[in-house]
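Here are the chains, one letter per residue:
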Amino acid sequence: MTTVTEAGQVESLKVRSMIEADLTGADRVMRTAFGTFLGMPDPMAFLGDGDYVRSRWAIAPQAALTAEIDGRLVGSTFATRWGSVGFFGPLTVDPPLWDRGVARRLMDNTMEIMDAWGLTHAGLFTFSHSPKHLGLYQRYGFRPRFLTVVLAAPAAPAAHRSGWSTFASDPDPSARLAECASLTDTIYPGLDVSREVVACHALGLGDTVLLDDGSGFAICHVGAGSEAGTGVCFLKFAAARTGAPDSFARLLDACEAFATTRGARRVVAGVSTARRAAYRMLGERGYRADLIGVAMHRPDEPGYHRPDALVVDDWR
């Protein structure tokens, strides 16, 4: 039997590592929580046939946590490591147990994992209009810094189809991973998304677009079961060499061309408004806001959220 203290906290709560048998329950809680918070008539319709839970667990099962009460899964969260940079989310709790200390317990354990990684920069994406969310994460040293806008535009069938290739077709994937890691290291020391590149290909989530001259790349999720969903190409992470706006423009051309080859009708890209050049260029190409959140950082520093950083990501 579940007991609640006078302070409203659940006493029988247990936090543990996520296992494969938890995935269906974690997916249900994630959709119910977000759908309820956003006021959707059917909360389970949140994200459609896209998926945050299974892919993130598959990439880093040791950094995926569940909260359970009397054997029933009531919450989960996922931590992600990109070399020297880390973030976590989605952190979700079954709505009937909101404000009962479940999120705090998940956060305690997540911070233990992230602290052990020895990161130089950590962060998260949350709802900018929610005092509850901001207050929770500030308890753990995260500070709200920059708005992050999730933008979308129709996939362009006439986009350029030359000057780029994909990781799946590359004859020397090890060399390509090293090239991508070298590029991100120039943007922020130690930033490395190699694990995301490999997972995107290995798990069938999409592919990574590579500019032929090595000046940019983009990890693209496409279709059902990925973080994109049917008809969508989602830029999980994209970067061009700093000071090379032409490369960034060609990279966006390549992503839009890739999207059409996979039958996607929309391209979705998140970008920090602190990255002035990247944000402006997306707007000039017709990308419009679907969602606005805020990036919270620990320590209270910009990291690679800088005006000159030609980077697309959103830490959701």
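A few points on the structure. (Residues numbered from 1 in each chain as written. Predicted model: local features only at pLDDT ≥ 70, side-chain atom pairs only at ≥ 80, totals over all residues. Heavy atoms only, no water.)

1. Concerning helix α7 (residues 245–261)
Between its first and last C-alpha atoms α7 spans 25 Å; for 17 residues at 1.5 Å apiece the expected length is 24 Å, and the two agree. Within α7, the full set of buried residues consists of Ser-247, Phe-248, Ala-249, Leu-251, Leu-252, Asp-253, Ala-254, Cys-255, Glu-256, Ala-257, Phe-258 and Ala-259. Where α7 ends, the next residue or the one after it, Gly-263, has phi of about 80 degrees, a positive value. (Helix = DSSP H or I, 4+ residues; strand = E, 2+ residues; numbered from the N terminus. Expected span 1.5 Å × (residues − 1). Buried < 20%, exposed > 50% of the residue type's maximum accessible area, 1.4 Å probe, protein only.)

2. Side note on the packing of aromatic side chains
The relative placement of two aromatic rings is captured by the distance of their centres and the angle of their planes. Evaluation of the coordinates by the stated rule reveals eleven aromatic pairs. The structure contains a cluster of three or more aromatic residues connected by ring pairs, namely Trp-82, Phe-87, Tyr-188, Phe-217, Phe-237, Tyr-304 and Trp-315. The ring of Tyr-52 is capped by Arg-56, whose NZ or CZ atom sits 5.0 Å from the centre of that ring. (Phe/Tyr/Trp six-rings, centres within 6.5 Å; stacked < 30°, edge-to-face > 60°. Lys NZ or Arg CZ within 6 Å of the ring centre and 35° of its normal.)

3. Section: the pairing of strand β13 (residues 288–298)
Bridge count between strand β6 (residues 121–126) and β13: five bridges; the pairing is antiparallel. From the neighbouring strand, Ala-122 faces β13, where its bridge partner is Arg-298. Direction of pairing for strand β7 (residues 143–154) relative to β13: antiparallel, over a ladder of nine bridges. When the bridges of β13 are listed, Val-149 appears paired with Ile-292. (Pairing = 2+ DSSP bridges.)

4. Some details on the pairing of strand β3 (residues 72–82)
The two faces of the sheet receive side chains in turn, since in a regular strand these alternate between them. Of all eleven residues in β3, nine are buried, a share of seventy percent or more. Here six bridges tie strand β2 (residues 64–69) to β3, and the two strands are oriented antiparallel to one another. Within β3, the residue paired with Ala-67 across the bridge is Gly-75. As consecutive antiparallel partners, β2 and β3 are separated by two residues, and within that stretch Asp-70 has a phi angle of approximately 50 degrees, a positive value. By the bridge criterion, two bridges tie β3 to strand β5 (residues 92–93) in an arrangement that is antiparallel. Each bridged residue has a counterpart across the sheet, and for Ser-76 the counterpart in β5 is Thr-92. With four bridges connecting them, β3 and strand β4 (residues 85–88) associate as antiparallel partners. Each residue of the ladder has a partner; that of Thr-80, found in β4, is Phe-87. Linking two consecutive strands that pair antiparallel, namely β3 and β4, is a turn of two residues; a positive phi of about 65 degrees is found at Gly-83 within it.

5. Considerations on the pattern of salt bridges
Evaluation of the coordinates by the stated rule reveals 23 salt bridges. With its nearest N and O atoms 2.6 Å apart, the salt bridge here joins Arg-298 to Asp-115. Placement of the pair is Arg-298 in strand β13 and Asp-115 in helix α3 (residues 102–116), with a sequence separation of 183 residues. Relative accessible area serves as the criterion here: at 24%, Arg-298 is assigned to the partly exposed category. A relative accessible area of 48% means that Asp-115 is categorised as partly exposed. Asp-308 is the salt-bridge partner of Arg-306, the closest N and O atoms lying 3.0 Å from each other. Look at Asp-308 and you get partly exposed, because its relative accessible area is 37%. Because the salt bridges share partners, they merge into one network encompassing Asp-27, Arg-31, Asp-51 and Arg-54. (Salt bridge = Lys/Arg side-chain N within 4 Å of Asp/Glu carboxyl O.)

None of this, on its own, says anything about what the molecule does.
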